[in-house]
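# Reading the structure
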Amino acid sequence: DQQVKQNSPSLSVQEGRISILNCDYTNSMFDYFLWYKKYPAEGPTFLISISSIKDKNEDGRFTVFLNKSAKHLSLHIVPSQPGDSAVYFCAAGGTGANSKLTFGKGITLSVRP
Amino acid sequence: KAGVTQTPRYLIKTRGQQVTLSCSPISGHRSVSWYQQTPGQGLQFLFEYFSETQRNKGNFPGRFSGRQFSNSRSEMNVSTLELGDSALYLCASRYPGDYGYTFGSGTRLTVV
């Protein structure tokens, strides 16, 4: 049972344009959501998070939107840069006994110069 | 500050052997989690430890085990290795109350 889904395996965008990465979840008990970026042969790097009580969080070029009624979140990268090319993972977590992070399978973003 | 340190970085083992992987979390981080990453499967949760106690366990066979020491360092052990255990094993730590985990660079295990 995949509780966090990233249905698109890849995305290609032009440098300077917006990248929109989508994520869906099924467990309404998740309290927070995160996005990680991963390069080959490295561990994931934390990008941005959002609490379930918010609908938007912004950090520089990165903005995460949460739609609880649709159980959907998205990561917007504006403007996209070639260095953003990597695999992006969506993750969700709860509190206490549900504190583990559940990850999606990732989406490969390619930013074309 | 120092990040999450995992040793060794690379490991080649033979089927049937056992292996122990080590993780040193960031100083002050008491929560440590382990994940397995295989191609196309994303990051699969193995276990989570907090103050030497296993708080969560993923859906892996009993061949996979772990522990955490009083200094928050953690080890995971895989016994009777199978070819399918070949993967990148990632350790992550976080400060109590934080959302985000900080990951190490991982240990690439190859079973031949």
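For the structure itself, consult the block above.
As the structure is a computational prediction, the values presented were derived from the model and not from experiment.

What counts and how
Residues numbered from 1 in each chain as written. Chains lettered and ligands numbered in written order. Predicted model: local features only at pLDDT ≥ 70, side-chain atom pairs only at ≥ 80, totals over all residues. Heavy atoms only, no water. Phe/Tyr/Trp six-rings, centres within 6.5 Å; stacked < 30°, edge-to-face > 60°. Buried < 20%, exposed > 50% of the residue type's maximum accessible area, 1.4 Å probe, protein only. Lys NZ or Arg CZ within 6 Å of the ring centre and 35° of its normal. Patch = residues over 30% accessible without salt bridge, like charges linked within 9 Å, V, L, I, M, F, W, Y side chains within 5 Å. Areas by Shrake-Rupley, 256 points an atom, 1.4 Å probe, with all protein chains shown as cover. Salt bridge = Lys/Arg side-chain N within 4 Å of Asp/Glu carboxyl O. Helix = DSSP H or I, 4+ residues; strand = E, 2+ residues; numbered from the N terminus. Contact = heavy atoms within 4.5 Å. Buried area = accessible area lost by both parts, 1.4 Å probe. Polar contact = N/O pair within 3.5 Å; in protein donor to acceptor, adjacent residues only side chain to side chain. Nonpolar A, V, L, I, M, F, W, Y, C, P; charged D, E, K, R; others polar. Disulfide = S-S within 2.5 Å.

Overall, the coordinates contain 14 aromatic pairs over all chains when judged by the stated rule. Seen in terms of ring centroids, Y25 of chain A and F30 of chain A are 6.2 Å apart; in terms of plane orientation they differ by 65°. Their pairing is edge-to-face. Of the residues examined, Y25 of chain A reaches a relative accessible area of 6% and is grouped as buried. Through successive ring pairs, a cluster of aromatic residues spans Y36, F46, F89 and F103 of chain A together with Y35, F45 and F103 of chain B. Here the basic side chain of R55 of chain B rests over the ring of F50 of chain B, its NZ or CZ set 4.9 Å away from the ring centre.

Time to look at a nonpolar patch on the surface. Residue and element names in this part refer to chain A. Together, I18, I20 and V78 line one region of the surface with nonpolar side chains, adding up to about 220 Å² of accessible area. Position of V78 relative to the elements: it lies in the loop between β8 (72-77) and β9 (86-93). For V78, a relative accessible area of 42% corresponds to the partly exposed category.

The peptide bond linking V78 of chain A to P79 of chain A adopts the cis configuration, its omega dihedral lying at -10°. You can see P79 of chain A is positioned in the loop between β8 and β9. A cis geometry characterises the amide bond from T7 of chain B onward to P8 of chain B, with omega recorded as -10°. Although it is not a glycine, E52 of chain B adopts a positive phi angle of roughly 70°.

This part takes up the interface of chain B and chain A. In this assembly, 20 residues from chain B lie in contact with 20 residues from chain A. Roughly 1,600 Å² of surface becomes buried between chain B and chain A when both sides are summed, with 57% attributable to carbon and sulfur atoms. The largest per-residue losses of area from chain B upon contact with chain A belong to L43, Y99 and F103 of chain B, which jointly make up 33% of the total buried on that side. In this assembly, chain B and chain A are joined by five residue pairs in polar contact (both at pLDDT 80 or more). When the residues that make up the side of chain B that touches chain A are grouped by side-chain class, the tally is eight nonpolar, eight polar and four charged.

The full count for this structure, using the stated rule, is two disulfides over all chains. Between C23 of chain A and C90 of chain A runs a disulfide, and the two sulfur atoms are separated by 2.0 Å. Between C23 of chain A and C90 of chain A, the S-S torsion sits near -75°, and that sign places the bridge as left-handed. Of this pair, C23 of chain A sits in strand β3 (residues 19-25) while C90 of chain A sits in strand β9, placing them 67 residues apart in sequence. A residue is classified by how much of its surface remains accessible, and C23 of chain A, at 0% relative accessible area, is buried. Covalent S-S linkage joins C23 of chain B and C91 of chain B, the inter-sulfur distance amounting to 1.8 Å. Every disulfide takes its handedness from the sign of the S-S torsion; for C23 of chain B and C91 of chain B that torsion is -60°, giving left-handed. Of this pair, C23 of chain B sits in strand β3 (residues 19-24) while C91 of chain B is found in strand β9 (residues 87-94), placing the two residues 68 residues apart along the sequence.

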